[in-house]
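The primary structure of each chain is shown beneath.
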Amino acid sequence: MIDFALPPRPLRIATAQAQAVSGEVDVNVQAVARIVSAAGDGGARVVVFPEKFLSGYEPELIRADPERCAVRPDDPRLAPIADACRASGVTAVVGAAVQDGADLYVSALVIDGTGIRGRYDKQTLFKSEQAVYRPGSAGATLEVDGWRLGLGVCYDSGFPEHARAAALDGCHAYVVGALFSEGNGYHESRIWFPARAFDNTVYAVLANHIGETGGWRTCGSSAVWGPDGRIVAEAGFAAEEVVFADLLPESLRAARESEPMLRDLRDTGSAPRSLLRAFAPHDSLGGTSPS
């Protein structure tokens, strides 16, 4: 049985865009810690960062020097982020290249005041990434204050089945750190994210890069879409910015009453599980509540 219970209270989420410094993990960690504190000052409980923000996108740089440019699951360089999360009561979803044993992954690290609480590894690698990274083997659902947040990284969001697997895991929001470039990348983001939101009656959250990274000119425009597919909050094209949005249980309820796709999947037993096999099951990354 699929559980589509609504969360008990609103959740304030922040999506952050900033210029990553290529290959400089320590410098980017300090930027994340600073933005986490700003997100906490704005009342956010969760803040989301772009894909591989801790090194910049930079696949060739990461492949050439993973000890410097990737992070490890127990990496002491991440301590300032955990400190900022502990001080602010914020959970951060931070994009990073992760070296785990001999393998490299494109990951979303979930960091709170205790350190790395879990991670999601990108399942659908872009063609140019496949020679450098291994794909992830499962989805991941982050729980904060009764909200279930399904995690994705960039190209994942182009596959409807990925967000649908999160929705079928009971997620209320689909949360993605990404690199979308100027031109076609911007166009893709403005189609994919409202579609993922509307099709699944969930919030969709995008954190994108600004400036240049990995040879791409990025388009910023980090944003949050409501469960009706309409935009709730949006950053500008090029400036560092933290955008806040209040995720509301009543908006989920209204959208799901108007567009009952998930309910009908549950009630008719017709969920297309064969399409979802590559993206299931979701790992649970645990829950937090206000202190």
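Presented here is an overview of the structure given in this document. (Residues numbered from 1 in each chain as written. Predicted model: local features only at pLDDT ≥ 70, side-chain atom pairs only at ≥ 80, totals over all residues. Heavy atoms only, no water.)

The strand order across the open sheet built from seven strands is 13-12-9-8-7-6-15, with neighbouring strands paired in mixed fashion. Edge strands, defined here as strands with exactly one partner in the open sheet, are strand 13 (231-234) and strand 15 (282-284). Within the sheet, the average angular offset between the axes of one strand and its neighbour, ignoring direction, is 20°. With three bridges joining them, strand 9 (residues 203-207) and strand 12 (residues 223-225) adopt antiparallel strand pairing. Opposite leucine 206, over in strand 12, you have alanine 223 as the bridge partner. (Pairing = 2+ DSSP bridges. Helix = DSSP H or I, 4+ residues; strand = E, 2+ residues; numbered from the N terminus. Axes fitted to C-alpha atoms, helices over the stretch in contact; angles between N-to-C directions.)

Given a rise of 1.5 Å per residue, 17 residues ought to cover 24 Å, and the 24 Å separating the end C-alpha atoms of helix 6 (residues 184-200) matches this to within 8%. Residues of helix 6 that are buried include every one of Gly185, Ser189, Trp192, Phe193, Pro194, Arg196, Ala197 and Asn200, and no others. Residues of helix 6 that are buried make contact with helix 5 (160-168), strand 8 (173-177), strand 9, strand 12, helix 7 (249-258) and helix 8 (261-268). (Expected span 1.5 Å × (residues − 1). Buried < 20%, exposed > 50% of the residue type's maximum accessible area, 1.4 Å probe, protein only. Contact = heavy atoms within 4.5 Å.)

A few words now on the environment of cysteine 219. Checked against the element boundaries, cysteine 219 lands in the loop between strand 11 (216-217) and strand 12. By relative accessible area, which is 0% here, cysteine 219 ends up buried. Not counting the four nearest positions on each side in its chain, cysteine 219 is found in contact with Phe180, Ser181, Glu182, Tyr186, Asn208, His209, Gly236 and Phe237.

Before going further, it helps to spend a moment on the pattern of salt bridges. Counted by the stated rule, this structure contains 23 salt bridges. Across the pair arginine 77 and aspartate 75 runs a salt bridge, and its minimum N-O distance is 2.8 Å. Put simply, aspartate 121 and arginine 119 hold a salt bridge, and the shortest N to O gap is 2.7 Å. Classification of aspartate 121 as buried rests on a relative accessible area of 14%. (Salt bridge = Lys/Arg side-chain N within 4 Å of Asp/Glu carboxyl O.)

A few words on the pairing of strand 9. Counting buried residues along strand 9, five of its five residues qualify, which places the element largely inside the surrounding structure. Both faces of strand 9 are covered, namely the face carrying Tyr203, Val205 and Ala207 and the face carrying Ala204 and Leu206. Two strands pair when backbone bridges link them, and strand 8 and strand 9 are joined in this way by five bridges, in the parallel orientation. Directly across from glycine 177, in strand 9, lies its bridge partner alanine 207.

For the rest of this paragraph, the subject is the sheet that holds strand 5 (residues 115-121). The strand order 5-4-3-2-1-14 describes an open sheet built from six strands, whose pairing is mixed. In this open sheet, the two edge strands, each paired with only one partner strand, are strand 5 and strand 14 (241-247). With strand direction ignored, the average angle separating the axes of adjacent strands in the sheet is 35°. Summarising the sheet, strand 2 (residues 46-48) and strand 3 (residues 91-100) pair through three bridges and their orientation is parallel. The partner of valine 47 across the bridge, within strand 3, is alanine 92.

In a disulfide, the sulfur atoms of two cysteines are held together by a covalent bond. Counted by the stated rule, this structure contains zero disulfides. Left unpaired, cysteine 154 is separated from the closest cysteine sulfur, that of cysteine 219, by 10.0 Å. (Disulfide = S-S within 2.5 Å.)

Burial runs high along strand 6 (residues 139-144): five of the six residues are buried. Sheet topology places strand 6 next to strand 15; three bridges connect them, and they run parallel. By the bridge assignment, alanine 140 is partnered in strand 15 with aspartate 283. Relative to strand 7 (residues 147-153), strand 6 runs antiparallel, the two sharing four bridges. The residue of strand 7 that forms the bridge with leucine 142 is leucine 149. Count of turn residues in the strand 6/strand 7 antiparallel hairpin: two residues, of which aspartate 145 carries a positive phi of about 55°.

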